[in-house]
Amino acid sequence: MAENIMINSLVPPTWNRLKVNEAFVELPEKINMISQDEGVVPADDAGADAWNIETGCGDELSAYLNAQGIKPLTAAANSEELFVVKPAFTADSAQVLCFDATEGKTLNILTDLSSGDDVQGTGVFRILIRARENSVVNLTQILRPGKGLRLINDIGTQVSDKAKVNLVQVFTGGSDIYAGYRSELSGEDAFADCRIGLVRGENETLDMNYVMKHLAPRSKSEINVSGALSNGAKKTFRGTIDFVRGCAGAEGAENESILILDDTVINKTVPLILCTEENVAGSHGASIGKPAEEMLYYMMSRGIDRKRALEILERASLTAAAAHIENADALEYVMNIIDENREDD
Amino acid sequence: MSEEKTFVEDINRSIYDVIDKENNATRLKEGLNEDIIRQISDEKDDPDWMREFRLKCLKLYNELQVPQWGPGIEGLDMDHISTYVRPKTDMKNTWDDVPEDIKNTFERLGIPEAERASLAGVGAQYDSELVYHNVMKEVEEQGVVYTDFESALKGEYSDMVREHFMKLLVPRDHKFNALHGAVWSGGSFVYVPKGVKVSIPLQSYFRLNAKGAGQFEHTLIIVDEGADLHFIEGCSAPKYNVANLHSGCVELFVSKNARLRYSTIENWSKNMYNLNSKRAIVEENARMEWVSGSFGSHTSYLYPSTILKGDNSTMEYTGITFAGEGQDLDTGMKVVHVGRNTSSVVNTKSIAKSGGVSTTRTSVQVMSGAKGAKSVVSCESLMVDNISRSDTIPVMDIRTDDADIGHEASIGSISDDAVFYLMSRGLSEEDARALIVSGFADNVSRELPMEYAAEMNNLIRLEMKGSIG
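Residues numbered from 1 in each chain as written. Chains lettered and ligands numbered in written order. Predicted model: local features only at pLDDT ≥ 70, side-chain atom pairs only at ≥ 80, totals over all residues. Heavy atoms only, no water.

## Structural notes on the overall build of chain A
Item 1. The helix and strand tally for chain A stands at five helices and 20 strands.
Item 2. Here the C-alpha radius of gyration of chain A, 19 Å, is about what a compact globule of 345 residues would show, namely 20 Å.
Item 3. Taking the principal axes of its C-alpha atoms as reference, chain A extends roughly 60 × 50 × 45 Å.
Item 4. Looking at chain A as a whole, 60% of its 345 residues are labelled buried.
Item 5. Of the contacts formed within chain A by residues at least 6 apart in sequence, a portion of 84% connects residues at least 24 apart.
Item 6. A total of about 13,100 Å² of accessible surface is found on chain A, and carbon and sulfur atoms cover 47% of it.
Item 7. Charge separation in chain A, taken as the distance between the mean sites of 32 positive and 53 negative side-chain charges, equals 4 Å. (Helix = DSSP H or I, 4+ residues; strand = E, 2+ residues; numbered from the N terminus. Rg over C-alpha atoms; globule rule 2.2 N^0.38 Å. Buried < 20%, exposed > 50% of the residue type's maximum accessible area, 1.4 Å probe, protein only. Contact = heavy atoms within 4.5 Å. Areas by Shrake-Rupley, 256 points an atom, 1.4 Å probe, with all protein chains shown as cover. Lys, Arg positive; Asp, Glu negative; His and termini not counted. Charge placed at Lys NZ, Arg CZ, Asp CG, Glu CD.)

Here is the structure:
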């Protein structure tokens, strides 16, 4: 029997009538583990316990994956060479990958979450990252599931002293996507940076929950979202900066810039700042609306028709995020896909 | 530092905390059941429709759940709240006729003095009933109706009251609207006829004196086409060691081309559960302005909401919340853009100190037909120490491509450099911090009439006293 579980919970919640406090997804009775042929080893039970890191989607998804016997796979990546993950989603399948960035090392990871249009069902992909002292993790994700695959992409990170986790996510087309991200900034001067570009249309749902938990002094976080919505798309973005007592000197900022291209979309933005520490600086800014007519007029005066001008703006939403990809190979990979998608259009 | 004179005299906490004896007041027994509701109806000689309405609301109250998303209200036990306390006096229209002890309380609060100096009319409620109501002759002659709610319910405007009563704040909205519908008592009815500009504000002041009691006043204001009104609401109570409850409702109807400003300085005692609801509906080319200062109460749920129904309607909300020791104040605002070319401007400030919890909760909804909607929301929070809590929880729900929505929020602390600079100019650290906090609240005080701004600044200074070390 399918299980209806709660993910992406807003903590603390707000008015129920706004329908942003959480998302519910129906998960299959049986989900299969996606194998990874190269570069990973399955964690034993003790190893799995060691990867008990909270994620953006939350505990109910963890309990579901555990009950389904989805074991974490520990990735052996520990060099600057790009580690590419392209899970082979089949109907109702899941994978959990764990990355341990050892002290002072840099990890470059690219995940390409895609599927053929023949794949029908639910795909769950989870990444757990432990960034140890002075390490850097550059995680790039491109999310482009086929029409038949509902995708749940879930991330949990623990960031130690002076470590840094850079996440770049590019959401292009595809089906319904639920995305969770949680970063526990437990080390002094730890830094988590999220750059997100999204283009959604064709009645697609994108439900997001991003949490930056500042536990240590001088920790820093940034969430930047740029996107374009059209054609019945529904997007909910929850972004939480949580300053916990003791994180003196911490700074957190989130920004969202969303273009709404027609009247059929629903855009919900929920940017929380929670604070129990005096000496912090937190900020949020959002800009939501139609493209500036002056800009469109300028582009049209240069011979670009309105449709093409809007396409250029959509592409810019994605490239604004992609520009922050640190690894050259990952950047090339993502830009090729962005351009490929635009050519298909 | 010299003390500033205001219409609440040289303000200090003691003027709010004076407790009058309940001299032969009529007090219904604690709890909530059909018998009590019927007794309230008997006391007030309700028309039949209102009797039925109250009983339906009680049923709804029993069905609806306590909200799960806000501050805990476990300390509020309705079995220990008396929902109706009538002072032993009927309503008077001269202060000299008001019983001495009650009059003295309002004198201490500065209400008669404010009335003489700067108000066009005053209603003063004491526990469950109004004890004083008066309106300037010139304003009456303009056709403005400002009366206690019970008189309006049975008098010339009874049809208008019935047509509007709890139509904006429907009992099913939430448990405490339903409670209000069941036990409401007192409050004001205002009708400003077409084209009438009331140049001097009207004010209602609500004083809850009775220990372990609730106050459930209903305010209904209808500003007709092209009319203009500023209405001020004040409230206070002495502090007890048991819970008191305030669950008022304010319904505001702003007609085409009209303007209404609704200002509140709320200074309930810190044993008060303030579960208050306010909503305005704004028609074409009309404007609604909210000015809100929340300083008191133990726990607050307060989110004035506005429906911008008419094309070109506008709303501005300016609010400040100051949460000190033992307080959990959940405040904010809601706006729904429905008409075309509507706009909303929201500016909130919150301060948390001495273990207080301040939550700023907002929502901006732009419906698909609200072409040309514009909204700008700014939320600023100040943490005065590291034992307090300050949360900002905004939601934007945008459903049209033709909207321009901006939101910014920030949280920070008092700058050490600024404190150092002021201290180098001879201020004590305490005064320097109080001055910085007053400056932070400046945008709200600038929106208030001068004497209320002075009261607010004094309240801030009082709250800041003893915050060092």
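## Considerations on helix H10 (residues 416–424) of chain B
Item 1. Residue Ser415 of chain B occupies the N-cap position of H10 of chain B, its side-chain oxygen lying 3.2 Å from the main-chain nitrogen of Asp417 of chain B.
Item 2. Gly426 of chain B, located one to two residues past H10 of chain B, shows a positive phi value of around 105°. (Polar contact = N/O pair within 3.5 Å; in protein donor to acceptor, adjacent residues only side chain to side chain.)

## A few points about the pairing of strand E16 (residues 220–229) of chain A
All names here are of chain A.
Item 1. The element E16 is largely enclosed, with a buried count of eight among its 10 residues.
Item 2. Bridging between strand E14 (residues 191–200) and E16 involves 10 bridges; their strand directions are parallel. Bridge pairing in E16 places Ile196 opposite Val225.
Item 3. When E16 meets strand E18 (residues 251–260), the two strands line up parallel, connected through 10 bridges. (Pairing = 2+ DSSP bridges.)

## A look at the packing of aromatic side chains
All names here are of chain B.
Item 1. Under the counting rule described, the total for this entry stands at 23 aromatic pairs over all chains.
Item 2. Here Trp49 and Phe53 contribute two aromatic rings whose centre-to-centre distance is 6.5 Å and whose plane-to-plane angle is 70°, an arrangement assigned as edge-to-face. Taken as a pair, Trp49 and Phe53 lie in helix H3 (residues 48–63) at a separation of four residues, close to a single helical turn.
Item 3. Arranged with centres 5.4 Å apart and planes meeting at 65°, the rings of Phe53 and Phe165 form a pair that is edge-to-face. With Phe53 in helix H3 and Phe165 in the loop between helix H8 (158–164) and helix H9 (175–183), this pair connects stretches of sequence that are 112 residues apart. Each member of the pair, Phe53 as well as Phe165, is classed as buried.
Item 4. Through a chain of ring-to-ring contacts, three or more aromatic side chains come together here, namely Trp49, Phe53, Phe149, Phe165 and Trp184.
Item 5. Across the ring face of Phe440, the terminal group of Lys349 is positioned such that the distance to the ring centre comes to 4.7 Å. (Phe/Tyr/Trp six-rings, centres within 6.5 Å; stacked < 30°, edge-to-face > 60°. Lys NZ or Arg CZ within 6 Å of the ring centre and 35° of its normal.)

## Considering the interface of chain A and chain B
Item 1. With 40 residues of chain A in contact, the opposing surface of chain B contributes 43 residues.
Item 2. Taken together, both faces of the contact between chain A and chain B bury some 3,400 Å²; the carbon and sulfur share is 51%.
Item 3. Linking chain A with chain B are two salt bridges, by the criterion used here.
Item 4. Across the salt bridge formed by Lys290 of chain A and Asp402 of chain B, the nearest N and O atoms sit 2.8 Å from each other.
Item 5. Our count for the chain A to chain B interface comes out at 21 residue pairs in polar contact (both at pLDDT 80 or more).
Item 6. Of all elements in the fold, only strand E19 (266–275) and strand E20 (281–289) of chain A reach the threshold of two or more residues within the side of chain A that touches chain B.
Item 7. The leading source of residues in the side of chain A that touches chain B is E19 of chain A, at 10 residues.
Item 8. Here the residues of the side of chain A that touches chain B sort into 20 nonpolar, 12 polar and eight charged.
Item 9. Examined bridge by bridge, E20 of chain A and strand E25 (residues 403–413) of chain B share eight bridges and lie antiparallel to one another. If you follow Ser287 of chain A over to E25 of chain B, its bridge partner there is Gly406 of chain B. (Buried area = accessible area lost by both parts, 1.4 Å probe. Salt bridge = Lys/Arg side-chain N within 4 Å of Asp/Glu carboxyl O. Nonpolar A, V, L, I, M, F, W, Y, C, P; charged D, E, K, R; others polar.)

## Overview of the domain arrangement of chain B
Residue and element names in this part refer to chain B.
Item 1. If you check the domain split of chain B, you get domain 1 (14–302) and domain 2 (415–469).
Item 2. Centre-to-centre separation of domain 1 and domain 2, based on C-alpha positions: 31 Å.
Item 3. Opposite the 15 residues of domain 1 that make contact, domain 2 presents 11 residues.
Item 4. Buried surface at the junction of domain 1 and domain 2, both sides included, amounts to about 1,100 Å², of which 63% is carbon and sulfur.
Item 5. Looking at the side of domain 1 facing domain 2, the largest losses of area belong to Ile265, Val291 and Phe295, adding up to 44% of the total buried there.
Item 6. Counting across the domain 1 and domain 2 interface gives zero salt bridges. (Domains from an automatic or database assignment.)

## Examining the side chain of Ser82 of chain B
Residues and elements named next belong to chain B.
Item 1. Its location among the elements puts Ser82 in the loop between H3 and strand E2 (85–86).
Item 2. The class of Ser82 is buried, set by a relative accessible area of 0%.
Item 3. Those residues within four positions of Ser82 in sequence are excluded, and the remaining contacts are Arg27, Leu28, Lys29, Glu30, Gly212, Ala213 and Gly214.

## Quick notes on the environment of Pro99 of chain B
Residues and elements named next belong to chain B.
Item 1. In this structure, Pro99 sits in the loop between E2 and helix H4 (100–109).
Item 2. Separated by 32 residues in the primary sequence, Pro99 and Val131 have C-alpha atoms spaced 8.9 Å apart.
Item 3. Beyond its immediate stretch of four places on either side in the chain, Pro99 contacts Lys88 and Thr89.

## Focus: the pattern of salt bridges
Any two side chains of opposite charge can pair, given that their charged atoms come close.
Item 1. Considering all chains together, one arrives at 48 salt bridges over all chains under this definition.
Item 2. A salt bridge links Arg182 of chain A to Glu184 of chain A, with the nearest nitrogen and oxygen atoms 3.0 Å apart. Each member of the pair, Arg182 of chain A together with Glu184 of chain A, is buried.
Item 3. Asp96 of chain B is the partner of Lys103 of chain B in a salt bridge, and the nearest nitrogen-oxygen pair spans 4.0 Å.
Item 4. Relative accessible area serves as the criterion here: at 13%, Lys103 of chain B is assigned to the buried category.
Item 5. Residue Asp96 of chain B is classed as exposed on the basis of its relative accessible area of 66%.
Item 6. Connected through salt bridges with shared partners, the residues Asp228, Arg259, Arg261, Arg287, Glu289 and Glu316 of chain B form a single ionic network.

## So, the packing of H10 of chain B against helix H11 (residues 429–440) of chain B
All names here are of chain B.
Item 1. Two numbers describe how H10 lies on H11: the axes approach to 9 Å, and their chain directions differ by 125°. Judged by the inter-axis angle, H10 sits oblique to H11. Read as a crossing pair, H10 and H11 show a hand that is right-handed. Residues Ala418, Val419, Leu422 and Met423 of H10 touch H11, and the partners they reach there are Glu429, Ala432, Arg433, Leu435 and Ile436.
Item 2. Looking at side-chain class alone, the contact of H10 with H11 contains seven nonpolar, no polar and two charged residues. (Axes fitted to C-alpha atoms, helices over the stretch in contact; angles between N-to-C directions. Parallel < 35°, antiparallel > 145°, perpendicular 65-115°, else oblique. Left-handed = near helix turned anticlockwise from the far one by under 90°.)

## Considerations on the confidence of the model for chain B
Residues and elements named next belong to chain B.
Item 1. Looking at chain B as a whole, its pLDDT mean stands at 89, while 94% of the residues score no less than 70.
Item 2. Counted against residues more than four places away or in other chains, residues 1–11, with its pLDDT under 50, gives 29 contacts.
Item 3. Predicted as a complex, the structure gets a pTM of 0.92 and an ipTM equal to 0.92. (pLDDT = per-residue confidence, 0-100.)

## Here we look at a negative patch on the surface
Item 1. A contiguous patch of negative charge on the surface is contributed by Glu3, Glu29, Asp59 and Glu60 of chain A.
Item 2. Counting through the fold element by element, Glu29 of chain A comes out in the loop between strand E2 (23–27) and strand E3 (32–33). (Patch = residues over 30% accessible without salt bridge, like charges linked within 9 Å, V, L, I, M, F, W, Y side chains within 5 Å.)

## Details of the environment of Thr105 of chain B
Residue and element names in this part refer to chain B.
Item 1. Position of Thr105 among the secondary structure elements: in helix H4.
Item 2. A sequence separation of 104 residues divides Thr105 from Asn209, and the C-alpha atoms of the two residues are 9.6 Å apart.
Item 3. Among residues more than four places away in sequence, those in contact with Thr105 are Asp20 and Arg207.

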